[in-house]
Amino acid sequence: MGALRLPSLALLFSPSKALRSSSASRPLRLRPPVIRKVSASLSGGASRALSTQSLANEEATPPSAADRKPSSGPEGSVTPRSVDFNAWYLDVIASAELADYGPVRGTMVIRPYGYAIWESIQEYLNSKFKETGHSNMYFPQFIPYSFIEKEASHVEGFSPELALVTIGGGKELEEKLVVRPTSETIVNHMFTQWIQSYRDLPLMINQWANVTRWEMRTKPFVRTLEFLWQEGHTAHATLEEAEKEALQMIDVYRKFAYEQAAIPVIAGRKSRAETFAGATQTYTIEAMMGDRKALQAGTSHNLGQNFSRAFGTQFTDENGQRQHVWQTSWAVSTRFIGGIIMTHGDDAGLMLPPRIAPIQGVPLRIEVGPRDIGNRSVVVCRRDIPGKPGKDFGISMEPSKLESHVKSRLEDIQASLLQRAISFRDGNIVDVNSYEELKAVIGQGKWARGPWSAGDNEELKVKEETGATIRCFPFEQPLGKKTCFMTGNPADEVAIFAKSY
Amino acid sequence: MATSNTDTSNARKKEVKKETRLGLTYKKDKDFGEWYSEVCVAGEMIEYYDISGCYILRPWTMAIWETLQAFFDAEIKKMNVKNVYFPLFVTENVLQKEKDHIEGFAPEVAWVTKSGQSEMEIPIAIRPTSETVMYPYYSKWIRGHRDLPLKLNQWCNVVRWEFSHPTPFIRSREFLWQEGHTAFATQDEADQEVLEILELYRRIYEEFLAIPVIKGKKSELEKFAGGFYTTSVEAFIPNTGRGIQGATSHCLGQNFAKMFEINFENEKGEKAMVWQNSWAYSTRTIGVMVMVHGDDKGLVLPPKVASVQVIVIPVPYKDADTQAIFDACRSTVDTLCKAGFRAEVDLRDNYSPGWKYSHWEMKGVPLRIEIGPKDLANKQVRVVCRDNGAKMDIPMHSLVEQVKEILSNIQESLFNAAKQKREACVKVINTWDEFIAALNNKKLILAPWCDEEDVEKDVKARTKGEHGAAKTLCTPFDQPRLPEGTLCFASGKPAKKWTYWGRSY
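Residues numbered from 1 in each chain as written. Chains lettered and ligands numbered in written order. Predicted model: local features only at pLDDT ≥ 70, side-chain atom pairs only at ≥ 80, totals over all residues. Heavy atoms only, no water.

(A) Examining the overall build of chain A more closely. On a plain count of helices and strands, chain A comes out with 14 helices and 23 strands. Residues counted as buried form 57% of the 501 residues belonging to chain A. Across chain A, every contact between residues at least 6 apart in sequence was considered, and the portion connecting residues at least 24 apart equals 68%. (Helix = DSSP H or I, 4+ residues; strand = E, 2+ residues; numbered from the N terminus. Buried < 20%, exposed > 50% of the residue type's maximum accessible area, 1.4 Å probe, protein only. Contact = heavy atoms within 4.5 Å.)

Structure, rendered in structure tokens:
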């Protein structure tokens, strides 16, 4: 008989057969694979230089990591995590071709594979935002300096990091312009114009944009001069509504982290010292990276009336009284990709949870060799389990059988990545009852969790002496009476301390 | 401070906004410029901002942008183009690399000169376009023929600090766009892609925005600074008699490959330079849509891109069962949404139906459905089309099929009306005098031309004035027959081709 014709992969992964889930439990959705010759972008062994050099050699002080030569191993290999976690991280990014260094110090070029992960994140979050009643907008990138100055603590917090444009079209500008580090000030400026009465509320918008913060220390994805994000901004008639919205959005982020990225974040409230410049309350999702440092993966702020008072954003309530609006803002950025890399990656390189992998054939590899053709079967290999234990031999090529096998394997991988991350996290958080214990735990590189009711000064002392900061007061609190481990006073909550990115 | 129930409801009654002269102050045919600005703001697409030339894009705009984006993104993904993101900032030395390119863009660059409190040693430019940002990486990433073709695209914002009259969407200092940058081993592949992309741009205009465009090649004077040749889709605004460049697809040739040393080892083992393209369309598309279709009542949105395609409005009447009317409205929206339409209901009790009609007409919603007690009784709905005001009653049971047909008719008739209007503006001329007359009559001029750069420069110089100089818009691919002996309208030399000329945005 004639050569066996492999059923087209597109048929196997036909989107119509994939489970379209409701927002409740989201079973894995298969994406049509990209069938292409193994092009340069995925293969590790092509002849590109794995340069980590910044291109603009003239640029002042490139970050030290940029000067580091690629690992001495064979092309595409990666420094083991245990040897040098930072070098491992940079190697993975280079070998998986996620990003490259930009011409200006601290900027990054997001390559197709890295950008595709961002698009995955965008797709999911965008639909969640729409579901929760938000509309997308686009605000200008330039902010007159006078706007930034309006909210005192905001300008104090951001001024060292502002990039200022003073020349445009060959002429000195009348007023220097700030390249947005975040858009609260412009948003408020417009909210003031759009909101007159309670009927105009709630006003709920979001934008996907690039922002610029002139950071000193940078690290691809985690901290770059320019990064991509979404920033949601809402205005409400009452504090309760604003609070509800802030908590709703941090929960959207938390679910996203758990369910899509398989990252078991801890959601909680920031300490006052760590709260966003201009907010009354900041909520956060904290992730534990492979080196056990904490990464703030997403934030949601209750801005109270701080900006509305500074900008005069008022409305007439149902009783005819003028009130200031209550606001929130919340954001997730390309930093999240850094979190994915550092949570799941291993010494073989990048490990992507199937639900956000641009190409799901990468968490799962299907091998077809001559013997397999003869048997009309394929070998299905898991990226997360190396060697033979991760392989399923003799999986039938028959479309429905292969599809269901692949689906369930992808689900297994997703679940297993999450489980692994949970075990790792829980194994590295230690409950402490004294400052000495905390010092020891932090010294071991772990997270410390203990009752805390001390003030900003004590918090600063901990930071100076151990390098650890309060990541958050987690929403999930243990019951029972607690005593602050620092002061001995009663404490309502436990806080989590850790060194962080 | 509590108020009694009657007080509150009295207060609310007072609040009900009746049909006021919600209409525009300016008329499209009389004060086009003012009309346009007014419609963009009143239609809630744009908000002006404290920085001249920068605008806020409101949800009504973003929905359109996102529709076009979804279409274009899916199409280029089919062509194996990958999305990326390159930095906003570029250093001066890199910006200077392609001489002609920088000459074209340098005057418009915005510079970051300070960070925090300190002056920067070397000021940093904000991208006016990303060729110089991206191509050093192309040089690095492309080594062998197996690395080709390299097809990348990015969706981003760019900044061009212009001083010419800013116009929402059409000419702004910051705008959103996509820019595709591709590299090939051969010129043939590059040439082919240029046209494939141009066809996508045509579809954006003609299929989505219902705007007729002309495909053609730009003159040497008008082509992309530093490129080899430029193709474009050109639209025309009859009210102002100006052409407008809709989108461009350039073949860069090997010019940038030379400057940035983008070489590869071909299959024979020889070193060769790549052939490159770059192509872009921007939020300008939305401005063209407003200009072409809008009228004195406000925006007119083609159903394919309208954020809301159908708005359902209850028309309560004194003793009528308001609740039943509201329910019917909600279920109508439900039915339409389930059938895949973008439908919404306006149940706000502080606005009268008349006010709502004007408001949603201002916003350009293609179809309005009214439901009052009589409609309820007759199990029908009243449908009003935004483009021509046509009204009809349709039975509830055939709602979906009829709405589908009506919307598709609206899309088609918007396109046809725009095409007719444009055709009426075309003037074929042969002499200089005819040219000037046509220019003054706001025509889209088709003229035989000798294809010399100096001649075009001369035409520009001679037509300079308060309305702006005339220039070539494009040489259409679709060439009418050029009779033997035809002379160039401007130089009198033998004509080589038919070219569209006019004033432009």
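(B) Region of the structure containing the sheet that holds strand E5 (residues 163-168) of chain A. If you trace the 6 strands from one edge of the open sheet to the other, you get E4(A)-E6(A)-E5(A)-E5(B)-E6(B)-E4(B), paired in antiparallel fashion. The open sheet has two edge strands with one neighbour each: strand E4 (142-144) of chain A together with strand E4 (89-91) of chain B. Across this sheet, the average inter-strand angle for adjacent strands is 45°, counted without regard to direction. Relative to strand E6 (residues 171-179) of chain A, E5 of chain A runs antiparallel, the two being bridged by 5 bridges. For alanine 163 of chain A, the partnering residue across the bridge sits in E6 of chain A and is valine 179 of chain A. (Pairing = 2+ DSSP bridges. Axes fitted to C-alpha atoms, helices over the stretch in contact; angles between N-to-C directions.)

(C) Quick peek at the pattern of salt bridges. All names here are of chain B. Summed over all chains, the structure comprises 54 salt bridges over all chains. Its salt-bridge partner being glutamate 207, residue arginine 203 comes within 3.1 Å of it at the nearest N-O pair. With arginine 203 and glutamate 207 both in helix H7 (residues 187-208), this residue pair falls 4 residues apart, about one helical turn. Classification of arginine 203 as partly exposed rests on a relative accessible area of 23%. (Salt bridge = Lys/Arg side-chain N within 4 Å of Asp/Glu carboxyl O.)

(D) Quick peek at the packing of aromatic side chains. Applying the stated criterion across every chain, the model contains 46 aromatic pairs over all chains. Aromatic side chains tryptophan 118 of chain A and tryptophan 208 of chain A sit 5.8 Å apart centroid to centroid with 75° between the ring planes, which places their arrangement in the edge-to-face category. With tryptophan 118 of chain A in helix H4 (residues 112-131) and tryptophan 208 of chain A in strand E7 (residues 203-212), this pair connects stretches of sequence that are 90 residues apart. Overall, tryptophan 118 of chain A belongs to the buried group, its relative accessible area being 2%. Given the relative accessible area of 16%, tryptophan 208 of chain A is considered buried. The structure contains a cluster of three or more aromatic residues connected by ring pairs, namely Trp65, Phe72, Trp155, Tyr201, Trp279 and Tyr281 of chain B. Sitting over the face of the ring of tryptophan 141 of chain B, arginine 111 of chain A holds its NZ or CZ atom 4.0 Å from the ring centroid. Directly above the ring of tryptophan 432 of chain B sits arginine 462 of chain B, whose terminal nitrogen or CZ lies 3.8 Å from the centroid. (Phe/Tyr/Trp six-rings, centres within 6.5 Å; stacked < 30°, edge-to-face > 60°. Lys NZ or Arg CZ within 6 Å of the ring centre and 35° of its normal.)

(E) Structural view of the sheet that holds strand E15 (residues 310-314) of chain B. Residue and element names in this part refer to chain B. The 5 strands are arranged E16-E15-E17-E18-E19 in an open sheet whose pairing can be described as mixed. The two strands at the open ends of the sheet, each matched to only one other strand, are strand E16 (343-345) and strand E19 (391-395). Direction aside, the axes of adjacent strands within the sheet are offset by 25° on average. As judged from the 4 bridges shared by strand E17 (residues 367-371) and strand E18 (residues 380-385), these two strands associate in the antiparallel manner. Across the sheet, the residue bridging to arginine 368 is valine 384, located in E18. On the sheet, helix H10 (residues 322-338) packs against E15, E16 and E17 and is oriented at approximately 170° with respect to E15.

(F) Focus on the environment of glutamate 34 of chain B. Residues and elements named next belong to chain B. Here glutamate 34 shows up in helix H2 (residues 32-42). Residue glutamate 34 is classed as partly exposed on the basis of its relative accessible area, which comes to 38%. In this structure, the C-alpha to C-alpha distance between glutamate 34 and leucine 24, residues 10 residues apart in sequence, is 10.0 Å.

(G) Local environment of the UniProt feature "domain: Aminoacyl-transfer RNA synthetases class-II family profile" (unreviewed entry) in chain A. Under the feature "domain: Aminoacyl-transfer RNA synthetases class-II family profile" (unreviewed entry), the UniProt entry names residues 105-353 of chain A. Regarding residues 105-353 of chain A, the helix share stands at 33% and the strand share at 33%, and the terminal C-alpha atoms are separated by 31 Å. (UniProt positions renumbered as here; feature names shortened; annotations may be inferred.)

(H) Summary view of H2 of chain B. Residue and element names in this part refer to chain B. Listed in full, the buried residues belonging to H2 are Phe32, Trp35, Tyr36, Glu38, Val39 and Cys40. Buried residues belonging to H2 abut strand E1 (46-48), strand E10 (229-237) and helix H9 (284-293). Downstream of H2 by a residue or two, glutamate 44 has a phi angle that is positive, lying close to 65°.

(I) Broad picture of a nonpolar patch on the surface. Taken together, the side chains of Ile366, Val368 and Ile373 of chain A define a hydrophobic patch exposed on the protein surface, amounting to about 200 Å² of accessible area. Counting through the fold element by element, valine 368 of chain A comes out in the loop between strand E15 (364-367) and helix H11 (370-375). (Patch = residues over 30% accessible without salt bridge, like charges linked within 9 Å, V, L, I, M, F, W, Y side chains within 5 Å. Areas by Shrake-Rupley, 256 points an atom, 1.4 Å probe, with all protein chains shown as cover.)

(J) Looking closely at the packing of H4 of chain A against helix H10 (residues 335-344) of chain A. Residue and element names in this part refer to chain A. Their axes nearest at 10 Å, the elements H4 and H10 cross at an angle of 110°. In terms of their interaxial angle, H4 and H10 are classed as roughly perpendicular. Seen from H4, the contacting residues are Gly114, Ile117, Trp118 and Ile121; seen from H10, they are Phe336, Ile337 and Ile340. Of the residues in the contact of H4 with H10, the class split is 6 nonpolar, 1 polar and no charged. (Parallel < 35°, antiparallel > 145°, perpendicular 65-115°, else oblique. Nonpolar A, V, L, I, M, F, W, Y, C, P; charged D, E, K, R; others polar.)

(K) The arrangement of the interface of chain B and chain A in detail. At the interface, 64 residues of chain B touch 67 residues of chain A. Taking both sides of the interface into account, the surface hidden between chain B and chain A amounts to around 5,500 Å²; carbon and sulfur atoms contribute 59%. The residue glutamate 66 of chain B makes a salt bridge to lysine 130 of chain A at a minimum N-O spacing of 3.2 Å. Connecting chain B to chain A are 28 residue pairs in polar contact (both at pLDDT 80 or more). Where E5 of chain A lies against strand E5 (residues 110-115) of chain B, 5 bridges are found, and the strand directions are antiparallel. Looking at E5 of chain B, one finds that alanine 163 of chain A is bridged to serine 115 of chain B. (Buried area = accessible area lost by both parts, 1.4 Å probe. Polar contact = N/O pair within 3.5 Å; in protein donor to acceptor, adjacent residues only side chain to side chain.)

(L) Region of interest: the pairing of strand E22 (residues 471-476) of chain B. Residues and elements named next belong to chain B. Most of E22 is tucked away: 5 of the 6 residues are buried. One ladder, built from 2 bridges, connects strand E9 (residues 214-217) with E22; its direction is antiparallel. Opposite glycine 216, over in E22, you have proline 476 as the bridge partner. By the bridge criterion, 3 bridges tie E22 to strand E23 (residues 497-504) in an arrangement that is antiparallel. Bridge pairing in E23 places threonine 472 opposite tryptophan 501.

(M) Structural context of the confidence of the model for chain A. Of all residues in chain A, 85% attain a pLDDT of 70 or more, and the chain-wide mean is 85. Throughout residues 1-26 of chain A the model reports pLDDT below 50, and contacts reaching past four residues in sequence, or to other chains, amount to 37 contacts. (pLDDT = per-residue confidence, 0-100.)

(N) Fine view of the packing of helix H3 (residues 59-78) of chain B against H9 of chain B. Residues and elements named next belong to chain B. Running from N to C, H3 and H9 cross one another at 115°; their axes reach a closest spacing of 10 Å. One finds that H3 runs roughly perpendicular with respect to H9. As for how H3 packs across H9, the hand of that crossing is right-handed. Listed contacts from H9 to Thr61, Ile64, Trp65 and Leu68 of H3 are Thr285, Ile286 and Met289. (Left-handed = near helix turned anticlockwise from the far one by under 90°.)

(O) Quick look at a negative patch on the surface. On the surface, Glu149, Glu174 and Glu175 of chain A together with Asp50 of chain B cluster together into a negatively charged patch. As for its placement among the helices and strands, glutamate 175 of chain A is situated in strand E6. (Lys, Arg positive; Asp, Glu negative; His and termini not counted. Charge placed at Lys NZ, Arg CZ, Asp CG, Glu CD.)

(P) Just the pairing of strand E10 (residues 281-288) of chain A, in detail. Residues and elements named next belong to chain A. A large share of E10 lies buried, amounting to 7 of its 8 residues. Both strand E9 (residues 266-269) and E10 contribute to a ladder of 4 bridges, which runs antiparallel. Looking across to E10, one finds that arginine 269 is bridged to tyrosine 283. Taken together, the 8 bridges between E10 and strand E11 (residues 294-304) define a ladder with antiparallel strand orientation. Counterpart to alanine 287 in the pairing with E11 is leucine 295.

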